[in-house]
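Geometric and topological summary
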Amino acid sequence: MRTRDLVTDADIAKLTPKPGGAERTLRSFGVPGLMLRVGRRKRSWELRIERRPQVRKPLGEWPQVKVGMATDTARQMWERHRAGQPVDGPNKDEMTIALAWPLYEARLRDENRSEKTLLAYGHSYQRLSDGIKNCPLRDLLNDRTLMADEVKRIRNKLHNQKRGGQNAAAQSAVFVSALFGFMRDRDPTLLGDPVSACQTTVPKRDDLPILGIDEMVGWWRDVQKIGNPVVREALLFGLLSGLRRASLETLEWKNLDLRRGCLRVTVVKGGSERAFDLILSRPMLRCLWRARHAGRMLYPEAAARWVFTGEAGHLRGNRLTKLGVYANHALRRSYATAATHAGVDEATVGRLLNHGGKSVTAGYIKTSHLGRMLAGAQTDISAAIVGNLGNPLGIA
């Protein structure tokens, strides 16, 4: 037999090593770089691609891997190599959510998305069944009922939990839609949305906690009973600023600009690109002064960096919800309510709360017309909140 001819399985069955037991190598399979190495104990397939990036990939052993399977695999690897794709990656039709999620997660990290966003997407991914995770993306597009049934399954599984699993199911659907948007940039033939038959929005809740205007005096009285002064000031600043928990607990002194009357908020929902300048009123500045004094007394090392200090560095916002008083997002809602009572229009409140993705206050200049307007609005809101607290001494 001449090894320059195309070799068949029948030919391989007759092959032996070279005299003396030396390994025999065959390359006549019609695919560049595909070889069969025949030794004393086994016959091993290997693909070598010398073009950059060079590849050396074992393809299994004969007879488990026949000639036809080896040549098909080698051709597919060559196609991926020419397209600049990993040679051992899946075909486009074989790509699944399970394979795509690590790629999407890496992209989100490159975009400096917040850890909370990554954690939320991770939970949404974990809620999906193995069948959906490993289903080819194109199959999910071709049969939209697959995701519709999956959303229904999640709701049924979590029906005894808060909100009956509706929010969790919607979040998983949103995650799948976002992942497909990412994969569509890599494969433009993935047209459509696999969750078009699913509900991806959740009706607004009417049971969200909020500190009412008429409850503020009692709330302040309860806050004063908390022994840790840093915690007391953190709760008050949360009400005066309307900041989210993650933003409040990670405020740093280096971002305080007294000349401009603002504090840079760098940890925000949506990632660092939405960082903004929090405009400070007089009551807010006095609150920060008291927090710095208390932090230096209790946690002097951490107080050099963090505005609201704690045993582990900065204060942990989840602790605030365990004190028996309104905290965190309940105070954010109260801020918006107090702003309305103070006569501040909704658009201005949205700017001060950094709503909508475009941080108007990111370029805040105190001497500009917009800056003066926003500073005036913040002053009015703080005055309304302090008044509703009963005008306690020393706050304003």
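What comes next concerns the included structure. Just so we're clear, the structure is a prediction, and the values are computed from it rather than from any experiment.

**Focus: the environment of Trp220**
By secondary structure assignment, the location of Trp220 is in helix H9 (residues 216-223). For the pair Trp220 and Tyr326, spaced 106 residues apart in sequence, the C-alpha to C-alpha distance is 10.0 Å. Residue contacts for Trp220: discarding those within four places in its chain leaves Leu236, Leu389, Pro392 and Ile395.

**Overview of unusual backbone geometry**
Following Arg52, the chain continues into Pro53 via a peptide bond in cis, with omega recorded as -5°. Relative to the elements of secondary structure, Pro53 occurs in the loop between strand E3 (43-49) and strand E4 (55-62). With omega at 15°, the peptide bond leading from Trp62 into Pro63 counts as cis. Within the secondary structure layout, Pro63 lies in the loop between E4 and helix H2 (67-82). For Asn112, which is not a glycine, the phi torsion comes out positive at approximately 60°. Looking at the secondary structure, you find Asn112 in the loop between helix H3 (97-110) and helix H4 (115-127). Unusually for a residue other than glycine, Asn391 sits at a positive phi of about 50°. Relative to the elements of secondary structure, Asn391 occurs in the segment after helix H17 (369-388). Given a relative accessible area of 54%, Asn391 falls into the exposed group.

**Observations concerning helix H7 (residues 145-157)**
For H7, spanning 13 residues, the distance from its first C-alpha to its last is 18 Å, which sits close to the expected 18 Å at 1.5 Å a residue. The complete set of buried residues in H7 reads Met147, Glu150, Val151 and Ile154. Buried residues of H7 fall within an arc of 100° about the axis and therefore sit on the same side. The inward-facing, buried residues of H7 abut H4, helix H5 (130-133) and helix H8 (166-186).

**Here's the deal with the sheet that holds strand E2 (residues 34-38)**
Reading across the sheet, the four strands line up as E1-E2-E3-E4 and stay open at both edges, with antiparallel pairing between neighbours. Each end of this open sheet is capped by a strand with a single partner; those strands are strand E1 (24-26) and E4. In this sheet, adjacent strand axes meet at a mean angle of 25° when their direction is disregarded. Here seven bridges tie E3 to E4, and the two strands are oriented antiparallel to one another. By the bridge assignment for E4, Leu47 is matched with Lys57.

**Notes on the pattern of salt bridges**
Oppositely charged side chains are able to pair whenever their charged atoms sit close together. Enumeration over the complete set of coordinates arrives at 16 salt bridges. Between Arg75 and Asp72 there is a salt bridge; the shortest N-O distance is 3.8 Å. Linking Arg75 with Asp72, this pair stays in helix H2, spanning three residues, or about one helical turn. Residue Asp72 is classed as partly exposed on the basis of its relative accessible area of 45%. A salt bridge links Arg138 to Asp187; the shortest N-O distance between them is 2.9 Å. Of this pair, Arg138 sits in helix H6 (residues 137-142) while Asp187 sits in the loop between H8 and H9; the two residues are 49 residues apart in sequence, bridging distant segments of the chain. In this structure, Arg138 and Asp187 share a single accessibility class: buried. When salt bridges with common partners are traced through the structure, they connect Glu23, Arg37, Glu46 and Arg48 into a single cluster.

**Description of the nonpolar core**
Trp219, Leu235, Phe237, Leu251, Phe308 and Leu389 are the most contacted members of the largest nonpolar core, which totals 52 residues. Every element with two or more residues in this core is listed here: H9, helix H10 (229-241), strand E6 (262-265), strand E7 (276-279), helix H12 (282-298), helix H15 (329-341), helix H16 (346-352) and H17. A total of eight residues in this core trace back to one element, the largest contributor, which is H10. Apart from residues lying up to four places away in sequence, Phe308 is in contact with Val230, Glu233, Ala234, Phe237, Leu248, Glu249, Leu251, Leu288, Ala291, His314 and Leu315. Membership of the second largest hydrophobic core comes to 31 residues, among which are Met95, Cys135, Leu179 and Cys198.

Cut-offs and rules
Residues numbered from 1 in each chain as written. Predicted model: local features only at pLDDT ≥ 70, side-chain atom pairs only at ≥ 80, totals over all residues. Heavy atoms only, no water. Helix = DSSP H or I, 4+ residues; strand = E, 2+ residues; numbered from the N terminus. Contact = heavy atoms within 4.5 Å. Buried < 20%, exposed > 50% of the residue type's maximum accessible area, 1.4 Å probe, protein only. Expected span 1.5 Å × (residues − 1). Arc of directions from axis to C-beta. Pairing = 2+ DSSP bridges. Axes fitted to C-alpha atoms, helices over the stretch in contact; angles between N-to-C directions. Salt bridge = Lys/Arg side-chain N within 4 Å of Asp/Glu carboxyl O. Core = buried A, V, L, I, M, F, W, Y, C linked by side-chain atoms within 4.5 Å.

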